[in-house]
Amino acid sequence: MRKAPKPASRYKMKIDYIIMAHESRGQYAMDLMYKLTEQKVRPRMVMDGRGLGVWENAKMAWSIPPREGDYRVVIQDDAILCDNFIQKAEAFIQHHAGHVISFYYGDNPQAHKEIKPDYFDTILNHAVCLAIPTAEIPGMIQYCDFQPECTGDDMKIRRWLITNSRTCRYSNPSLVQHRDIPSIVDPTKPIRQSAIFAG
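Note that the coordinates shown come from a computational prediction; the quantities given were computed from them, not determined experimentally.

J.: Even after reading the chapter, I still don't get the overall build of the protein, so can you show me in this structure?
T.: Scanning the protein from N- to C-terminus turns up five helices and 10 strands. Contacts in the protein between residues far apart in sequence, at least 24 positions, make up 73% of those at least 6 positions apart. Summing over all exposed atoms, the protein offers an accessible surface of approximately 10,800 Å²; the carbon and sulfur share of this is 54%.

So, in structure tokens, the structure goes:
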């Protein structure tokens, strides 16, 4: 006799984790690898040691096979994770399945489309820690490859979302903080940090 399928609400999503790193921040990336491994996941890492640039490195992180889960989370090397990050992130993804999700919200003001106690929706700003449904990644990459005037991965992905009339869903509070170090792309930019970091 065939077993009845499990109720959809009890389905545990398959999520994989990629660390996007630059060789100048290798120690930070290894710290992230250690922290994630401690939380019983097997993260993988892509590291730019050839001057590929932000988008090419990001594209490697989003493209690296196998890509078989329900969601992929790409964490940049300047991220600081909250306590019990995996447990909190996976619960949030499970509850907000189908959305592009950011676990970092910077301190720059934006117009919020919808504010709830545990999340809000607005345009994507920064890609310190993003989660995207795996099925949507090929289309996102294809679109972003044809946006040469946008240099940053966050700007490219933001445009992809806007073109498809979508916003980004942010966790509230942020589960990730931005490390207090200058940007590799533009060291003159002010350092952004989240005012709503979970800690």
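J.: What is the right way to read the pairing of strand 3 (residues 71–76) from this model?
T.: Along a regular strand, successive side chains alternate from one face of the sheet to the other. Most of strand 3 is tucked away, with six of its six residues classed as buried. Judged by which residues are buried, strand 3 turns out to be covered on both faces: Tyr71, Val73 and Ile75 on one side and Arg72, Val74 and Gln76 on the other are all buried. In terms of strand pairing, strand 3 meets strand 8 (residues 129–133) through five bridges, oriented antiparallel. Bridging across to strand 8, Val73 finds its partner in Ala131.

J.: Please clarify how the packing of aromatic side chains should be interpreted in this entry.
T.: This structure, assessed with the given rule, holds five aromatic pairs. Consider the rings of Phe85 and Phe103, whose centres lie 5.9 Å apart with planes at 85°: the pair is edge-to-face. Here the residue Phe85 occupies a position in helix 3 (residues 85–95), and Phe103 occupies one in the loop between strand 5 (101–102) and strand 6 (114–115), the gap between them amounting to 18 residues. For the pair shown, Phe85 and Phe103 are each scored as buried. Centre to centre, the rings of Phe120 and Tyr170 are 5.3 Å apart; their planes meet at 10°, and the pair counts as stacked.

J.: Can you help me understand helix 5 (residues 153–163) in this one?
T.: Residue pairs three or four apart in sequence face the same way in an α-helix, which turns once every 3.6 residues. Those residues of helix 5 that sit buried are Asp153, Asp154, Lys156, Ile157, Trp160 and Leu161. Taken around the axis of helix 5, the buried residues stretch over an arc of 165°, which confines them to a single face. Residues of helix 5 that are buried make contact with strand 1 (15–22), helix 2 (54–63), strand 3, strand 8, helix 4 (137–145) and strand 9 (168–171). Ser165 lies just past helix 5 and shows a positive phi near 55°.

J.: What is the right way to look at the environment of Ile18 in this model?
T.: Mapped onto the elements, Ile18 comes out in strand 1. Separated by 58 residues in the primary sequence, Ile18 and Gln76 place their C-alpha atoms 8.5 Å from one another. In this structure, Ile18 is in contact with Arg44, Val46, Ala61, Ile64, Arg72, Val73, Val74 and Ile75, ignoring residues within four places of it in sequence.

J.: It is not clear to me how the packing of helix 2 against helix 4 should be interpreted in this structure. Could you clarify?
T.: Two quantities define a packed helix pair, namely the angle between the helix axes and the distance between the axes. Two elements in contact, helix 2 and helix 4, have axes separated by 10 Å at closest approach and are oriented at 165°. It follows from the interaxial angle that helix 2 and helix 4 lie roughly antiparallel. The two elements helix 2 and helix 4 meet at a crossing, and its hand is left-handed. Side by side, helix 2 and helix 4 meet where Trp55, Lys59, Trp62 and Ser63 of the first sit next to Ile137, Met140, Ile141, Cys144 and Asp145 of the second. Per-class residue counts for the contact of helix 2 with helix 4 are six nonpolar, one polar and two charged.

J.: How do you make sense of the nonpolar core when you look at a structure like this?
T.: Generally speaking, a soluble globular protein has its nonpolar side chains buried in company with each other. Formed by 30 residues in total, the largest nonpolar core has its most connected members in Ile75, Phe85, Ile93, Phe103 and Val176. Elements supplying a minimum of two residues to this core: strand 1, helix 1 (26–38), strand 3, strand 4 (79–81), helix 3 and strand 8. In terms of residue count, the dominant contributor to this core is helix 3 (five residues). Filtering out sequence-adjacent residues up to four positions away, Phe85 remains in contact with Tyr17, Leu36, Gln39, Ile75, Phe103, Cys129, Leu175 and Val176.

J.: Help me understand the packing of helix 4 against helix 5, please; the structure alone is not making it clear to me.
T.: Between helix 4 and helix 5, the least distance of the axes is 9 Å, while the angle of their chain directions is 110°. It follows that helix 4 is roughly perpendicular to helix 5 by the angle criterion. Within the contact between the two elements, helix 4 uses Gly139, Met140, Tyr143 and Cys144 and helix 5 uses Lys156, Ile157, Arg159, Trp160 and Thr163. Grouping the amino acids of the contact of helix 4 with helix 5 by side-chain chemistry returns five nonpolar, two polar and two charged.

Definitions and cut-offs
Starting afresh in each chain, residues are numbered from 1 along the sequence in its written order. Note on the predicted model: pLDDT of at least 70 is required for a residue's local features to be given, and 80 or more for side-chain atom pairs to be given and counted; whole-chain, interface and lining totals, by contrast, use all residues. Water and hydrogen atoms were dropped before computing side-chain values, which therefore reflect all heavy atoms in the structure. For the purposes of this entry, the term helix denotes a DSSP run of H or I that reaches at least four residues, the term strand denotes a run of E that reaches at least two, and both are numbered from the N terminus. Any pair of residues with heavy atoms lying within 4.5 Å of one another is described as a contacting pair. Under the convention used here, a 1.4 Å probe and the Shrake-Rupley method define accessible areas, while residue burial counts only the protein chains that appear. Classification of residues uses two cut-offs on accessible area relative to the type maximum, computed with a 1.4 Å probe and protein chains only: under 20% is buried, over 50% is exposed, and between them is partly exposed. In this description, strands pair whenever DSSP reports at least two bridges between them. Two aromatic rings from Phe, Tyr or Trp, using only the six-membered ring of Trp, form a pair when their centres are within 6.5 Å; if the ring planes differ by under 30 degrees the pair is stacked, by over 60 it is edge-to-face, and anything between is tilted. Here, the arc refers to the directions that run from the helix axis to the C-beta atoms. Between N-to-C directions, angles span 0 to 180 degrees; the directions come from axes that are lines fitted to C-alpha atoms, helices contributing only their stretch in contact. Roughly parallel here means an angle under 35 degrees, roughly antiparallel means over 145, roughly perpendicular means 65 to 115, and every remaining angle is called oblique. Left-handed describes a crossing whose near helix is turned anticlockwise from the far helix by less than a right angle; the clockwise case is right-handed. Following the grouping adopted for this structure description, the nonpolar residues are Ala, Val, Leu, Ile, Met, Phe, Trp, Tyr, Cys and Pro, the charged ones are Asp, Glu, Lys and Arg, and the polar ones are all others, Gly among them. Only buried Ala, Val, Leu, Ile, Met, Phe, Trp, Tyr and Cys residues count toward a nonpolar core, and they belong to the same one when joined by side-chain atoms within 4.5 Å.

This is a description of form; function is not addressed.
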